[in-house]
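# Examination of the molecular architecture
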Amino acid sequence: MKDPDSPTPFPPYQDTPAPSPSRQTYDEPPVYPAEHEKRMQKEIEDLRRKIGRFFTVYEIRVGLDAVAFHCRVNEETLEENFELLRNLLKPDYIPVLTYEGGEHILFVTKKPQVKYKGTRVNLILLILTIITTTIAGSSLWLSYDTVRAGQSVSDIDVLAGIFSPSNLVFGMLFFAFPLLLILGAHETSHYIMAKRHGVAASLPFFIPMIPPLGTLGAVISMREPIPNKKALIDIGAAGPIGGLIVAIPVAIVGLILTDVYNVSAQTPEPGGLILYNPLLLIGINSLVPTKADLLAHPTFFAGWVGILVTALNLLPAGQLDGGHIVRALFGKRARAIGLATIIIMLFLGFIFQYFGYVFLIVIIMVLGGGLSHPPPLNDITGLDRRRVMVGVVALIIFVVSFHPAPFQTAELPKYGFELDSELNETAVAPGGYIEFNTTVSNIGTVKNDVFMNITMNQSKVDEGWNASLIWTNEETYIYNITDSDPLGFTVDDKEETNVTVRISAPSSAAINENVTLKLNLRWTSWVRNDLGDIIKREQSTYKEIKVSVE
């Protein structure tokens with residue numbers, strides 16, 4: 001066995017445990033040269049002696065990919081004895097205990113010799129993820145702070161703003177740090193629980209990504225198969241529960257900051273995300289209430305993402321954390337549960353018109369090994385009541401953390417105003433004036449700024465005709481036709497406001513003289529052009545008033 005050139009008597013353990021007897025052929029065992037056959041027999045005898053310390057071996061069969069030891073076991077000490085044997089065979093062999101055809105069969109396969117890299121890769125990825133999440137946080141804070149200041153992102157230098165030292169600090173403090181804390185707690189909980197069960201695992205690998213999140217999460221590498229159902233459910237549930245313990249206070253702090261900063265979401269600037277809260281966040285929000293229609297603070301967004309990640313990991317399919325849990329709870333039926341989960345996810349996608357989970361399903365099917373979940377090494381010993389309760393709690397967490405359509409891109413709001421005056425024509429005496437009201441109605445779906453002015457033939461202005469606009473809110477604002485700047489004010493969505501129009505005629509005005517005034521109203525809207533880009537566009541409407549001298 002020390003000779004690297006000698007063939008191994010059976011292939012090493014790969015991604016799944018050794019096959020059961022139903023998939024083995026014993027009628028024609030593999031044939032090896034006499035010298036190697038002798039080595040193999042010696043190795044098998046050594047294994048038999050070790051196994052015999054814990055189980056009674058009554059038959060040995062050599063398969064193409066494992067040696068099968070048919071054993072008699074004591075059900076009361078089965079779990080303890082198997083763990084002792086597993087540790088005894090480390091690090092060279094992996095035992096897999098199954099019950100097939102009324103027999104307990106212990107398959108032993110060689111563990112491949114894999115040279116793992118040190119923690120340098122973990123550290124490099126962590127540093128890169130800190131950088132990318134800080135940039136993402138800076139971008140989120142820049143957008144949030146710009147709206148808070150009453151400005152438009154389109155009016156600032158976004159790139160310079162993102163890399164501004166102050167925005168980077170706020171981005172790290174308000175978003176990157178809480179998000180990485182949640183992800184780190186999730187994976188570290190997996191790692192600690194794996195160590196408690198004697199399963200070798202790597203430190204977390206953080207995955208950097210471009211904004212808006214700056215990361216695809218984090219993973220740990222399980223370097224050994226899971227020993228039993230108890231370990232499977234403990235390791236699977238530890239991550240989501242650990243991450244959620246951090247995500248909940250982060251979300252609470254985010255709600256408090258959202259209320260403190262009090263940034264109205266009633267803004268004409270589109271492009272953001274509409275977040276939909278799962279039952280868990282609805283409950284948290286009822287305990288920490290905030291005003292309606294506020295922009296979510298970046299810290300709340302970090303907590304929201306953490307809870308979403310918890311739900312995604314707890315999907316009961318494949319080798320996700322939820323897949324580990326249902327495999328431990330329901331055994332081989334977990335595959336059917338995973339298939340039903342994917343079908344339900346696709347159905348919900350059509351119902352709610354949200355197909356973001358399709359990407360996750362592709363990952364499960366292509367990169368995550370599909371719906372199959374390898375059994376633990378000891379797939380016989382059942383779960384105790386405490387582990388069953390852990391599994392039930394984890395599935396409840398999934399239900400309250402999951403939303404069938406967690407977010408969508410904010411649609412372009414409707415913009416529009418109407419200008420309606422009390423009359424279309426009026427009369428004025430020479431040297432006199434007349435006043436009437438005009439109504440500015442916001443028929444759009446967002447609060448918006450408007451600008452009004454009056455135009456008439458310049459020769460009439462030169463002759464002494466004058467027109468003014470008067471708008472009163474808490475103060476009175478007056479615009480004269482000779483002013484260079486229009487009258488500006490804000491109208492809430494579905495609301496209207498009155499503007500007084502004053503027209504005065506010069507003493508020299510002739511009887512039956514006519515003047516036409518044009519009331520102009522303009523505003524800025526966001527539209528989508530033919531290329532699908534969102535751009536600003538000026539919109540306007542007007543009202544003509546005919547004035548005669550009598």
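None of the values given here were measured: they were computed from a predicted structure.

Rules of the game
- Residue positions are counted from 1 within each chain, in the order its sequence is given.
- Only residues with pLDDT of at least 70 get local features here, since the model is predicted, and only at 80 or more are side-chain atom pairs given and counted; chain-wide, interface and lining totals rely on the full set of residues.
- For the side-chain quantities, the full set of heavy atoms in the structure was used; hydrogens and water were omitted.
- Strands here are runs of E lasting at least two residues and helices are runs of H or I lasting at least four, both read from the DSSP assignment and numbered beginning at the N terminus.
- Type-normalised accessible area, obtained with a 1.4 Å probe on protein chains alone, sets the label of each residue: buried when under 20%, exposed when over 50%, and partly exposed for intermediate values.
- Each accessible area value is a Shrake-Rupley result obtained with a 1.4 Å probe; residue values ignore everything except the protein chains displayed when judging cover.
- Under the counting rule used here, the positive set is Lys and Arg, the negative set is Asp and Glu, and His together with the chain ends is not counted.
- Where a charge lies is defined by one atom per residue type, namely NZ (Lys), CZ (Arg), CG (Asp) and CD (Glu).
- Strand pairing follows a simple DSSP-based rule, namely that at least 2 bridges must link the two strands.
- The angle between two axes is taken between their N-to-C directions and runs from 0 to 180 degrees, where each axis is a line fitted to C-alpha atoms and a helix contributes only its stretch in contact.
- Handedness of a helix crossing follows the sense of rotation of the near helix relative to the far helix, less than a right angle counterclockwise being left-handed and clockwise being right-handed.
- Residue contacts are counted whenever heavy atoms from the two residues lie within 4.5 Å of one another.
- Classification convention: Asp, Glu, Lys, Arg as charged; Ala, Val, Leu, Ile, Met, Phe, Trp, Tyr, Cys, Pro as nonpolar; all other residues, Gly among them, as polar.
- Only protein atoms enter the 1 Å grid used here, on which a cavity is any set of points holding a 1.4 Å probe that cannot leave and a pocket is any open set flanked by protein within 12 Å on both sides along at least five of seven lines; residues with an atom within 4 Å of a point are listed as lining.
- Grid points are joined across faces, edges and corners, and a volume is the space filled by probe spheres set on the points.
- Pairing of aromatic side chains here covers Phe, Tyr and the six-membered ring of Trp, requires ring centres within 6.5 Å, and sorts the geometry by plane angle: under 30 degrees stacked, over 60 edge-to-face, intermediate tilted.
- We call a set of buried Ala, Val, Leu, Ile, Met, Phe, Trp, Tyr and Cys residues a nonpolar core when their side-chain atoms join them within 4.5 Å.
- Put simply, a salt bridge is a Lys or Arg side-chain nitrogen that is within 4 Å of an Asp or Glu carboxyl oxygen.

## Topic: the overall build of the chain
Along the chain, the regular secondary structure elements total 13 helices and 18 strands. In terms of overall dimensions, the chain has C-alpha extents of about 130 × 40 × 40 Å along its principal axes. Burial status across the chain gives 46% buried among its 550 residues. When the accessible surface of the chain is split by element, carbon and sulfur atoms take 57% of a total near 28200 Å². The average position of the 44 basic charges and that of the 55 acidic charges among the side chains of the chain differ by 14 Å.

## Quick look at the sheet that holds strand β13 (residues 466–472)
Spatial ordering of the open sheet is given by β9-β11-β16-β13-β14, a layout of five strands whose pairing is antiparallel. Each edge of the sheet is formed by a strand with only one pairing partner; in this case those strands are β9 (417–421) and β14 (476–480). Strand-to-strand twist in this sheet, taken as the mean axis angle between neighbours without regard to direction, amounts to 25°.

## Examining the packing of helix α3 (residues 120–148) against helix α5 (residues 165–196)
Angle between the axes and distance between the axes are the two parameters that describe a pair of packed helices. Here α3 crosses α5 at 120°, and the two axes come no closer than 7 Å. Classified by chirality, the crossing of α5 by α3 is right-handed. Contacts between α3 and α5 pair Thr129, Ile130, Thr133, Thr134, Ile135, Ala136, Gly137, Ser138, Leu140, Trp141 and Leu142 from the former with Asn167, Leu168, Phe170, Gly171, Met172, Phe174, Phe175, Ala176 and Leu180 from the latter. Classifying every residue of the contact of α3 with α5 gives 13 nonpolar, seven polar and no charged.

## Some details on the environment of Phe347
If you trace the backbone, Phe347 turns up in helix α10 (residues 334–352). Residue classification places Phe347 among the exposed positions, given a relative accessible area of 52%. For the pair formed by Phe347 and Pro404, sequence separation is 57 residues and the distance between their alpha carbons is 9.9 Å.

## Concerning empty space enclosed by the protein
A complete count under the given rule lists four cavities of 30 Å³ or more for this structure. Approximately 80 Å³ is the volume found for the largest cavity. Lining the largest cavity, in full, are Arg86, Lys90, Pro91, Tyr93, Ile94, Lys111, Glu224, Pro225 and Leu377. Residues of the lining of the largest cavity, tallied by class, amount to five nonpolar, no polar and four charged.

## Some remarks on the sheet that holds strand β2 (residues 67–72)
Across the sheet, four strands lie side by side as β1-β2-β4-β3; this open sheet has antiparallel pairing. Unpaired on one side and paired on the other, β1 (56–62) and β3 (93–100) mark the two borders of the sheet. Shown here is a sheet whose adjacent strand axes are inclined to one another by a mean of 25°, direction ignored. In this structure, β2 lies alongside strand β4 (residues 103–110), joined through five bridges in antiparallel fashion. Within the sheet, the bridge partner assigned to Cys71 lies in β4 and is His104.

## Remarks on the packing of aromatic side chains
In this structure the tally under the stated criterion is 18 aromatic pairs. Centroid distance Trp141 to Phe174: 5.2 Å. Interplanar angle 45°. Geometry classified as tilted. Here the residue Trp141 occupies a position in helix α3, and Phe174 occupies one in helix α5, the gap between them amounting to 33 residues. Exposure remark for Phe174: the relative accessible area of 10% places this residue in the buried category. Ring centres 5.7 Å apart and planes at 75° place the aromatic pair Tyr354 and Phe407 in the edge-to-face group.

## Brief notes about the nonpolar core
Formed by 59 residues in total, the largest nonpolar core has its most connected members in Ile235, Leu281, Trp304 and Phe402. Among the elements of the structure, α5, α6 (229–261), α7 (279–287), α8 (298–313), α9 (321–330), α10, α11 (357–367) and α12 (385–401) are those that each provide at least two residues to this core. Here this core takes twelve residues from α6, the largest share from any one element. Val428, Val446, Trp465 and Val515 belong to the second largest nonpolar core, which has 35 residues in total.

## Here we look at the pattern of salt bridges
Taken as a whole and judged by the stated rule, the model has 17 salt bridges. We note a salt bridge from Asp145 to Arg148, for which the minimum N-O separation is 2.5 Å. Taken together, the residues Asp145 and Arg148, both in helix α3 and three residues apart, mark about one turn of the helix. Residue Asp145 is classed as partly exposed on the basis of its relative accessible area, which comes to 23%. Connected through salt bridges with shared partners, the residues Glu79, Lys230, Asp234, Asp384 and Arg387 form a single ionic network.

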